[in-house]
Amino acid sequence: MIALTVAELAGATDAELRLAPSAALTPDSVIDGRVVVDSRLATPGSIFIALRGETTDGHLFAETAVASGSAILIVERPLDLDVPQLVVEDGYRALASLARFAVARVREAGALQVVGITGSNGKTTTKNMVRAILETVGRTVAPPGSFNNHVGAPLSMLDITETTRFLVVEFGTSGPGEIANLVSIAMPDVAAVLKVGLAHVGGFGDIEATARAKAELVTGLGPDAVAVLNADDSRVAAMADQTSAEILFFGTTDRAAVRATDMQTTIDGTSFTLQFGELSRRVQLRIIGEHHVTNALASIAIADQLGVPVEEAITALEQLERAERWRMEVFTSPDGYTVINDAYNASPDSTAAALKTLAELTRGKHRAIAVIGEMAELGDHADEEHDRIGRLVVRLNIDQLVVVGNAARHIHNAAGLEGSWDGESVLVATQDEAYDLLRGQLLQGDVVLVKSSNSAGLRQLGDRLAGVA
């Protein structure tokens, strides 16, 4: 975090400062340790914010944070601990206020530029791509994993220092107003909306409500900012009329200024021809799946708006070895079959994209096996969307379908209704059953896709099949 005095910390969080009798800290003391909300991540000099959750209370772990070296606590009630404490009305609000203060301070002092990314799919992959590009230019801060909610996003913002040139923030949401609040904290210079789909639709009710929530990223932008929008998604493209920011479209249609044509996917990666202004250039990604071309286009568009030459952006993308752990991650097993572990999370759109990639990679050359678990957080759409995926498996001529868990049973049932032959679709209760079944069937040359929401726990199954667990 940026260096702040204890008094500045108190002012930024609207807190009452309570100094500890034996502590050496004074209002003029400088703190620059990392801000944490998990006591297990506390280190000497860190700032621990005690947040109240649905199942536990961070105040119960403050003593552990102090034992690990936290120099100061931000709490909602005074604690009987011999450490300086900033007492606030609401810990979440204090976290947001501190992030807002830090970003504004660094922006005023230097050349900080902020990137915001949202979408029902592709946020983390695009964030990783943008980070890979921007790190070649200057110090870049981007969140680990999917650190994108009302807690994770402000925490990632607080990792900036006075020398940070680029801050890349994922904007996730579970309800209306959350992205708007995060935008008010970070005030992105460039903001990208990738896709509006059914991911987490259970929390919104319908896809139109999801679109309105994602649009909050661009409606909050000023006229000096740039909105990078997917021309291939009609709901995203319509956001151009909801912002005062400059618009830059990406996609595969003629409307897109940053455009891809001639896409091809092999087990070694995905290639496409980039059309951007006068440039027409072949791009070879190491990441598999045509759906990642969308993420690459968005990344190139973002980088261009931040002054990075297109050729430098392409070079960085071509060197990126994987999107993220458990995201279309390819392994060759010791027995010679290929495992694509895409079980970080799953939505109807991302599952369909992964299945289409599996079909394209095999196309009669190799046996295609899809191992699919539940797609969570779909609410009233769950049965219909699992049914749709089961039918898609059959239409794509996937050779073997293994459905894991009762929550995903409609995939298996729909595959049977669509015309799968006896034994081509199998429903098992657990990942252990799936592992035992597959280990007895997999042959050299087979290609196995493992796809599910995190809650289904199939990440470990994919690793076990690949021999990397």
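Just above sits the structure.
What this report covers is the structure whose coordinates are included nearby. (Residues numbered from 1 in each chain as written. Predicted model: local features only at pLDDT ≥ 70, side-chain atom pairs only at ≥ 80, totals over all residues. Heavy atoms only, no water.)

Focus: the overall build of the chain
Turning to step 1, where the next piece is worked out: Counting its secondary structure elements, the chain contains 15 helices and 22 strands.
Turning to step 2, where the next piece is worked out: Against the compact-globule benchmark of 23 Å for 469 residues, the chain has a radius of gyration of 24 Å, which places it among compact chains.
Turning to step 3, where the next piece is worked out: Judged by the C-alpha coordinates and their principal axes, the chain covers about 75 × 55 × 40 Å.
Turning to step 4, where the next piece is worked out: The buried share of the chain, taken over its 469 residues, is 56%. (Helix = DSSP H or I, 4+ residues; strand = E, 2+ residues; numbered from the N terminus. Rg over C-alpha atoms; globule rule 2.2 N^0.38 Å. Buried < 20%, exposed > 50% of the residue type's maximum accessible area, 1.4 Å probe, protein only.)

Section: the packing of aromatic side chains
Turning to step 1, where the next piece is worked out: Applying the stated criterion across every chain, the model contains 0 aromatic pairs.
Turning to step 2, where the next piece is worked out: Its end group placed over the ring of Tyr 344, Arg 327 keeps NZ or CZ at 3.7 Å from the ring centre. (Phe/Tyr/Trp six-rings, centres within 6.5 Å; stacked < 30°, edge-to-face > 60°. Lys NZ or Arg CZ within 6 Å of the ring centre and 35° of its normal.)

Things to note about unusual backbone geometry
Turning to step 1, where the next piece is worked out: With a phi angle near 45°, Met 187 is a residue other than glycine that sits in the positive phi range.
Turning to step 2, where the next piece is worked out: On the secondary structure map, Met 187 appears in the loop between helix H6 (178-186) and strand S11 (190-193).
Turning to step 3, where the next piece is worked out: Located in the positive-phi region is Trp 326, a residue other than glycine, with phi close to 65°.
Turning to step 4, where the next piece is worked out: Counting through the fold element by element, Trp 326 comes out in the loop between helix H10 (310-319) and strand S17 (329-332).

Overview of the pairing of S17
Turning to step 1, where the next piece is worked out: Burial along S17 is one-sided: the face carrying Glu 329 and Phe 331 is buried and the face carrying Val 330 and Thr 332 is not.
Turning to step 2, where the next piece is worked out: With 4 bridges connecting them, S17 and strand S18 (residues 338-342) associate as antiparallel partners. Bridging from a neighbouring strand, Glu 329 pairs with Asn 341 of S18.
Turning to step 3, where the next piece is worked out: Here S17 hands over to S18 after 5 residues, with Gly 336 in that stretch at a positive phi of 95°. (Pairing = 2+ DSSP bridges.)

Concerning the sheet that holds strand S2 (residues 16-18)
Turning to step 1, where the next piece is worked out: Spatially, S2-S7-S6-S5-S4 is the arrangement adopted by the 5 strands of the open sheet, whose pairing is mixed. Two strands lie at the open edges of the sheet, namely S2 and strand S4 (35-36), each paired on one side alone.

Let's talk about helix H7 (residues 207-219)
Turning to step 1, where the next piece is worked out: A rise of 1.5 Å per residue sets the reference length of H7, with its 13 residues, at 18 Å; its end C-alpha atoms lie 18 Å apart and thus fit the reference within 8%.
Turning to step 2, where the next piece is worked out: Looking only at H7, the buried set comprises Ile 207, Ala 209, Thr 210, Ala 211, Ala 213, Lys 214, Ala 215, Glu 216, Leu 217 and Val 218.
Turning to step 3, where the next piece is worked out: Where H7 begins, one side-chain oxygen reaches toward the backbone nitrogen of Glu 208, 3.0 Å away; that side chain belongs to Asp 206. (Expected span 1.5 Å × (residues − 1). Polar contact = N/O pair within 3.5 Å; in protein donor to acceptor, adjacent residues only side chain to side chain.)

Observations concerning the layout of surface pockets
Turning to step 1, where the next piece is worked out: There is about 360 Å³ of room inside the second largest pocket.
Turning to step 2, where the next piece is worked out: Residue composition of the lining of the second largest pocket, grouped by class: 10 nonpolar, 5 polar and 7 charged. (1 Å grid on protein atoms, 1.4 Å probe; cavity = no way out; pocket = protein on both sides within 12 Å on 5 of 7 lines; lining within 4 Å. Points joined across faces, edges and corners; volume = space filled by probe spheres on them. Nonpolar A, V, L, I, M, F, W, Y, C, P; charged D, E, K, R; others polar.)

Examining the pairing of strand S10 (residues 166-170)
Turning to step 1, where the next piece is worked out: Most of S10 sits inside the fold, with 5 of its 5 residues counted as buried.
Turning to step 2, where the next piece is worked out: Taking every second residue as pointing to the same face, both faces of S10 are buried, with Phe 166, Val 168 and Glu 170 on one and Leu 167 and Val 169 on the other.

With respect to the sheet that holds S10
Turning to step 1, where the next piece is worked out: Spatially, the 9 strands line up as an open sheet ordered S9-S10-S8-S11-S12-S13-S14-S15-S16, and their pairing is mixed. Pairing within the sheet leaves two strands with one partner each, and these edge strands are strand S9 (140-141) and strand S16 (279-285).
Turning to step 2, where the next piece is worked out: Relative to strand S15 (residues 269-276), strand S14 (residues 258-266) is paired through 7 bridges, and the arrangement is antiparallel. If you follow Thr 265 over to S15, its bridge partner there is Thr 270.
Turning to step 3, where the next piece is worked out: Sitting on the sheet, helix H9 (residues 291-305) touches strand S8 (113-118), S11, strand S12 (226-230), strand S13 (246-251), S14, S15 and S16, and the angle it makes with S15 is about 45°.
Turning to step 4, where the next piece is worked out: In the packing of H10 onto the sheet, contacts are made with S15 and S16, and the angle to S16 comes to roughly 15°. (Contact = heavy atoms within 4.5 Å. Axes fitted to C-alpha atoms, helices over the stretch in contact; angles between N-to-C directions.)

Here's the deal with the environment of Val 310
Turning to step 1, where the next piece is worked out: As for its placement among the helices and strands, Val 310 is situated in helix H10.
Turning to step 2, where the next piece is worked out: Between the C-alpha atom of Val 310 and that of Val 66, which follows or precedes it by 244 residues, the distance is 47 Å.

Brief notes about the nonpolar core
Turning to step 1, where the next piece is worked out: Met 1, Leu 9, Leu 98, Met 157, Leu 167 and Leu 229 are the most contacted members of the largest nonpolar core, which totals 63 residues.
Turning to step 2, where the next piece is worked out: Of the residues forming this core, the biggest block, 8 residues, is contributed by helix H3 (residues 91-109).
Turning to step 3, where the next piece is worked out: With residues near it in sequence (within four places) discarded, Leu 98 still touches Met 1, Leu 4, Leu 9, Ala 12, Thr 13, Val 35, Ile 74 and Leu 158.
Turning to step 4, where the next piece is worked out: Residues Val 168, Val 190, Phe 250 and Ala 313 belong to the second largest nonpolar core, which totals 42 residues. (Core = buried A, V, L, I, M, F, W, Y, C linked by side-chain atoms within 4.5 Å.)

A closer look at the pattern of salt bridges
Turning to step 1, where the next piece is worked out: Counting across every chain of the model gives 25 salt bridges.
Turning to step 2, where the next piece is worked out: Residue Glu 329 pairs with Arg 322 through a salt bridge whose shortest N-O separation is 2.4 Å.
Turning to step 3, where the next piece is worked out: The partly exposed category is assigned to Arg 322, whose relative accessible area is 42%.
Turning to step 4, where the next piece is worked out: Each of Arg 322, Arg 325, Glu 329 and Asp 463 takes part in salt bridges that share partners, so that together they form one network. (Salt bridge = Lys/Arg side-chain N within 4 Å of Asp/Glu carboxyl O.)

A short note on the side chain of Ser 299
Turning to step 1, where the next piece is worked out: Relative to the assigned elements, Ser 299 resides in helix H9.
Turning to step 2, where the next piece is worked out: Taking relative accessible area as the criterion, Ser 299 reaches 1% and is therefore assigned buried.
Turning to step 3, where the next piece is worked out: Reaching out from Ser 299, the side chain makes a polar contact with the backbone oxygen of Asn 295 at a distance of 2.8 Å.
Turning to step 4, where the next piece is worked out: The contact partners of Ser 299, leaving out residues within four places of it in the chain, are Thr 126, Met 129, Val 130, Ile 133 and Leu 317.

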